[in-house]
Each structure stands twice: as C-alpha cells, then as structure tokens.
Amino acid sequence: MPRVLHLGPYESNGGMRTVMRTLVEFPPNGWHASALSTHKEGSMLSKWRQYRLSFSTFKAMCNSDQPPDVIHLHTASDWSWIRKKKFLNYARKNNFPCVVHLHSGKMYTWLMHNKTDSSKSKRMQEFVAISNDPGVRFVVLSEHWLEKFEPFASSITSISNPVHPRFSPRPEIERVPGKLLLLGRDIPAKNHNFEIGR
C-alpha cells in the first residue's frame, strides 16, 4: 500500500491543521496517510526546536524500512515556506516525489517581494526553479491563484481543500436564500470581499 506523509502544522491551531487532519483521516483509496508536525505554538525558541526535531524525524522516516512514497508539504508564505524548503530539498535530493500545497493568499505577493517585474524577484526565480523539478507538483486552492501562478509554474494544479464529512449538508435544516457564511480571520489575504457588498 503506497504511503503519503503530510508535513506541516499538524498540532497547531489553524486551517492547515484541519486540512491535514482530514487528509490523514480520509486518504485516497488504497493509500496510507500519516503526518509529521513541523510547527509548535509558543515562543520562537519552542518553534525552532520543533522545526529542528521534525527535520531529524523526517530524515529518519525517509531512511526507514517503510519510507513514504510521496511527501505532501503544507505551507503558507514567508517563514513557513523557508522552513518547508529544507524538507523539500532533502526529499528531492533523495528522489521522493513531492506535492507542495500552497495555503496562503499572501504567497504570490511575498514571492514578488515588491518587484513589479517578477524576473527581478529572487524569491520568484527560486520558486520557478523548484517548479521545474519533475518530482515536484504545486497545488493552489482556487482558479484565481492558478491564474496568478501558472505563468511561473507549469506543474501546478487547482484543488479545493477537502471538507470533513461531518460537515455535509443536512436536508432537515431549512436554508435562508441569499445568505452566505464566510469562515476565516478578517484579514485581506482571506479575500472575504469577493462576495460582501454584492
């Protein structure tokens, strides 16, 4: 049975944890899924220690008798991406196929790094080089982000985050027409304005 290892904030608060836990609980048919938490709530020191510990654990898992067949990295932008690149580089050096799941709406602007021309952004150049690796596949959460990233990454796909089955529609509950519930922090990166005010 093929094995997928999810790397990210599996033990921390937030949406990435929810997505990771859903994917581990409900892997694709015929697959086994596990997770390694690369982040910890608390001080910068505790976060750094968790990062170092998780990387050591990751290397041991990759060199074990039952290594993962696919590495699935869950990342936001800035420091989250910088940390995940270490795992990604190790995985690719050792020929593990990787899926890089971009959860952050800030990733594109962070990669551009205040450059109007993407070719002048070292962050974007590095991203393009990684996306050209045949063993790496990027996943974004919407068609909007796919349009933004496609000029830079040919190996990119738009896939919505999974919804846990416990949140399936209940026919006995009466719906209010024209009402939409938006979940998430009230920050620009969440793009709530796409529907508010229409």
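Residues numbered from 1 in each chain as written. Predicted model: local features only at pLDDT ≥ 70, side-chain atom pairs only at ≥ 80, totals over all residues. Heavy atoms only, no water.

Enquirer: Explain the packing of aromatic side chains here, please?
Expert: A ring pair, where both rings are aromatic, is described by two values, the distance of the centres and the angle of the planes. Throughout the structure, instances matching the rule amount to 13 aromatic pairs. Taken together, a centroid distance of 5.7 Å and an interplanar angle of 90° make the contact between Tyr108 and Phe149 edge-to-face. Here Tyr108 is found in helix H4 (residues 107-112), whereas its partner Phe149 is found in helix H6 (residues 143-149), with 41 residues between them in sequence. Judged by centre distance (6.2 Å) and plane angle (45°), the rings of Tyr108 and Phe152 are tilted. Remark: Phe152 occurs in the loop between H6 and strand S6 (156-158) and Tyr108 occurs in helix H4; sequence separation between them is 44 residues. An identical accessibility class is assigned to Tyr108 and Phe152; each is buried. Site record: aromatic cluster; members linked through ring pairs are Trp48, Tyr51, Phe55, Phe58, Phe87 and Tyr90. The side chain of Arg21 reaches across the aromatic face of Tyr10, ending 5.1 Å from its centre. Directly above the ring of Phe55 sits Lys86, whose terminal nitrogen or CZ lies 4.4 Å from the centroid. (Phe/Tyr/Trp six-rings, centres within 6.5 Å; stacked < 30°, edge-to-face > 60°. Helix = DSSP H or I, 4+ residues; strand = E, 2+ residues; numbered from the N terminus. Buried < 20%, exposed > 50% of the residue type's maximum accessible area, 1.4 Å probe, protein only. Lys NZ or Arg CZ within 6 Å of the ring centre and 35° of its normal.)

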